[in-house]
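Structural features, examined
One letter stands for each residue in the lines below.
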Amino acid sequence: MNRFLPASLLLCLSLAAGAQTAPAAPHPQVLLHTSQGDITLELYPDKAPKSVANFLQYVRSGFYAGTVFHRAIPGYLVQGGLYTRDLQPKRTHAAVPSEADNGLSNLRGTVAVARGADPNSGTAQFFINLVDNRRLDYAGNQSSLTWGYAVFGKVAKGMDVVDRIAALPTRGLGPFANDVPDPLVVIESASVVGEAAPAGSAAPAAAPAVPSATARPAAPAKTGKARH
């Protein structure tokens, strides 16, 4: 029967069939090469476009090279992306609006934007959830606490490395009273999978970084069995 259809209609049907079977665009991935091993993050630009664009901006500029995971709390999270080996904060770009209401949950292995008291204060810092931290999810816009933390990706490979970081002993060091891994865990490089590695680590000419004391989710209540 198709031989009796107009050529233009056949072309439209062919294009429509192709559109239905075309594979979805792959999520970008970022490789973090750390002193404890490699971690590959899969990002969700469809769910958190601003957060992903912000993170990729730092990755592509070489910002994360030489920064550390400065916070590790077993049974909670590991956090990094701002401080150098000397635990000095780097200068950051302007803050990114929060996308915590995107429907993604802070489940084990997800990566989220660290921020201060203002939900829209996230810059370069990020954290990886070690467990299902649903209390960090968006619950409403009434306050900073109910706003939650924006998930923008997950660990695709290397969760064992994340767990290894979390298992390291911790100490107080520099501006931090506790929770700094010992030895320091350095992000030696960060690159987008499939792209050329960043040439250097140029600091952006922007506002100073948010003070670290506020750019972090509140720690869970401590118990006698908690590891520090």
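See the structure shown above.
In every chain, residue numbers begin from 1 and rise along the written sequence. Owing to the predicted nature of the model, reporting of local features is limited to residues with pLDDT of at least 70; listing and counting of side-chain atom pairs is limited to 80 or more, with chain, interface and lining totals taken over all residues. As a rule here, side-chain values come from all non-hydrogen atoms in the structure, and water together with hydrogens is ignored.

The salt bridge definition used is simple: a Lys or Arg side-chain nitrogen within 4 Å of an Asp or Glu carboxyl oxygen. A complete count under the given rule lists 4 salt bridges for this structure. For Asp182, the salt bridge identified is with Arg171, shortest N-O distance 3.5 Å. Of the two residues, Asp182 is situated in the loop between strand 9 (176–181) and strand 10 (185–192) and Arg171 in strand 8 (residues 170–173); the sequence distance between them amounts to 11 residues. Accessible area is worked out with a 1.4 Å probe on protein chains only. A residue is then buried under 20% of its type maximum, exposed over 50%, and partly exposed in between. On the accessibility criterion, Asp182 (32% relative accessible area) is partly exposed. By relative accessible area, which is 31% here, Arg171 ends up partly exposed. Numbering goes from the N terminus for both helices and strands, where a helix is a DSSP run of H or I of at least four residues and a strand is a run of E of at least two.

A few words now on the packing of aromatic side chains. How two aromatic rings sit relative to each other is set out by the distance from centre to centre and by the angle between their planes. Aromatic rings from Phe, Tyr and Trp, taking only the six-membered ring of Trp, are treated as a pair when their centres fall within 6.5 Å; an angle between ring planes under 30 degrees marks them as stacked, one over 60 as edge-to-face, and anything in between as tilted. Under the definition given, this model contains 11 aromatic pairs. Both rings, one in Tyr64 and one in Phe126, keep their centres 5.7 Å apart while their planes meet at 90 degrees; by these two values the pair is edge-to-face. Here the residue Tyr64 occupies a position in the loop between helix 2 (49–61) and strand 3 (67–73), and Phe126 occupies one in strand 6 (residues 126–129), the gap between them amounting to 62 residues. Ring geometry for Tyr83 and Phe176: centres 5.1 Å apart, planes at 85 degrees, overall edge-to-face.

With that settled, consider the sheet that holds strand 5 (residues 110–113). Spatial strand order, 1-2-7-5-6-4-3-10: 8 strands in a closed barrel with antiparallel pairing. Between one strand and the next, the sheet's axes are offset by a mean angle of 35 degrees, whatever the strand orientation. Only when DSSP finds a minimum of two bridges between them are two strands counted as paired. With axes taken as lines fitted to C-alpha atoms, and helix axes fitted only over the stretch in contact, angles between N-to-C directions fall between 0 and 180 degrees.

Time to look at the side chain of Asp179. Positionally, Asp179 belongs in strand 9. Apart from residues no more than four positions distant in its own chain, Asp179 is found in contact with His70, Arg71, Ala72, Ile73, Thr170 and Arg171. Any two residues whose heavy atoms approach within 4.5 Å are treated as being in contact.

Any functional reading would require information beyond the geometric quantities listed.
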